[in-house]
Amino acid sequence: MPEMLEVESYRRLAATTVGRTITRVDAADAWFLKGGLTADQVVDALKGHHFVGDRRIGKLLLLDVDQGPTLGLRFGMTGRLVVDGRTSIDHLEYSSDRDDPVWDRFVLGFTDGGDLRMRDPRRLGGVELDPPTDRLGVDALDLTPAGLRAILGTSEAPLKARLMDQARVAGLGNLLTDEILWRAGLDPSRAAGSLSAVEVRRLHRHLLATLHELGARGGSHMGDLQIMRSRDGVCPREGAALLRRTIGGRTTYSCPVHQR
DNA sequence: CTCGACTCCTGTTAGC
DNA sequence: TGCTAACAGGAGTCGA
């Protein structure tokens with residue numbers, strides 16, 4: 001699924017459209033337009049204009065327009081970005097690798113004949129103009145040890161749920177969070193506020209290292225735990241049968257031996 | 001404010 | 001072989 005690492009690769013891909021004049025806007029799927037946005041509004045905002053900048057906050061991709069509102073793209077669980085027929089990742093976990101134009105929910109065409117497509121089989125993503133960003137926490141790559149400590153605070157919520165709360169830390173999804181906690185040796189069901197200072201520092205270190213390492217490997221699904229995310233999976237480190245639970249509303253795999 | 005439960009979407013896959 | 005039902009999770013909403 002697209003978590004912050006995938007969206008970061010989408011951002012780099014979308015950067016290749018900066019400066020190119022938009023001549024065509026296909027926003028026929030009304031469900032895909034969010035925040036009360038209509039097809040007419042998004043056509044008016046983009047047609048004849050061009051992007052001047054590309055940004056990312058967590059899982060939200062922002063494309064600034066030369067005049068007018070910023071275009072916000074969310075990819076949900078199964079969304080891909082396709083620019084000029086190219087994608088930035090080969091495989092998307094839980095999505096389909098098929099290349100079906102029926103799944104193009106939002107398309108921008110440029111004067112040079114190229115285009116930008118949001119391809120989302122399950123339609124959990126969406127497009128918005130000037131999406132509110134004040135409800136997003138700090139991007140996970142910018143998280144400091146003190147910031148993490150403040151976010152965990154004295155919360156009784158499960159550690160994993162706290163880390164996936166986009167209003168506190170933006171960008172971490174289910175796969176990244178399981179991988180980070182597995183590497184840090186922390187039980188995802190523990191109360192967030194129960195971590196010692198040493199554990200918070202350890203979590204912070206593994207959090208950043210995991211983002212950098214999996215980013216270099218090519219995505220959130222490239223973690224060491226990933227291949228064992230199945231009902232009969234065993235811990236790659238301990239060999240113990242993995243726990244499969246629902247934590248924070250999401251399927252969670254963890255090692256009962258070394259995650260404490 | 002905090003936190004869990006519920007709902008939305010639909011392709012894939014396990015199982016009968 | 002063909003069908004059904006379970007499953008996946010990002011994000012918004014609602015209520016205790």
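The shown structure was predicted, so the numbers you read here are calculated from the model rather than taken from an experiment.

1. A word on the domain arrangement of chain A
Turning to step 1, where the next piece is worked out: Entries for chain A in the domain assignment read domain 1 (4-129) and domain 2 (138-254).
Turning to step 2, where the next piece is worked out: Here the C-alpha centroids of domain 1 and domain 2 sit 29 Å apart.
Turning to step 3, where the next piece is worked out: Across the contact, 11 residues belong to domain 1 and 19 residues belong to domain 2.
Turning to step 4, where the next piece is worked out: Where domain 1 abuts domain 2, roughly 1100 Å² becomes buried across the two surfaces, and 59% of that area is made up of carbon and sulfur atoms.
Turning to step 5, where the next piece is worked out: If you sort the residues of domain 1 by the area they bury against domain 2, Met4, Leu5 and Lys59 come out on top, with a joint share of 48%.
Turning to step 6, where the next piece is worked out: Along the contact surface separating domain 1 from domain 2 lie 1 salt bridge.
Turning to step 7, where the next piece is worked out: The partner of Arg56 in a salt bridge is Asp139, with the nearest N and O atoms 2.7 Å apart.
Turning to step 8, where the next piece is worked out: Summed over the shared surface of domain 1 and domain 2, the result is 5 residue pairs in polar contact (both at pLDDT 80 or more).
Turning to step 9, where the next piece is worked out: If you list the elements that add at least two residues to the side of domain 1 that touches domain 2, you get α1 (4-14) and β2 (51-57).
Turning to step 10, where the next piece is worked out: Residue composition of the side of domain 1 that touches domain 2, by class: 5 nonpolar, 2 polar and 4 charged.

Definitions and cut-offs
Residues numbered from 1 in each chain as written. Chains lettered and ligands numbered in written order. Predicted model: local features only at pLDDT ≥ 70, side-chain atom pairs only at ≥ 80, totals over all residues. Heavy atoms only, no water. Domains from an automatic or database assignment. Contact = heavy atoms within 4.5 Å. Buried area = accessible area lost by both parts, 1.4 Å probe. Salt bridge = Lys/Arg side-chain N within 4 Å of Asp/Glu carboxyl O. Polar contact = N/O pair within 3.5 Å; in protein donor to acceptor, adjacent residues only side chain to side chain. Helix = DSSP H or I, 4+ residues; strand = E, 2+ residues; numbered from the N terminus. Nonpolar A, V, L, I, M, F, W, Y, C, P; charged D, E, K, R; others polar.

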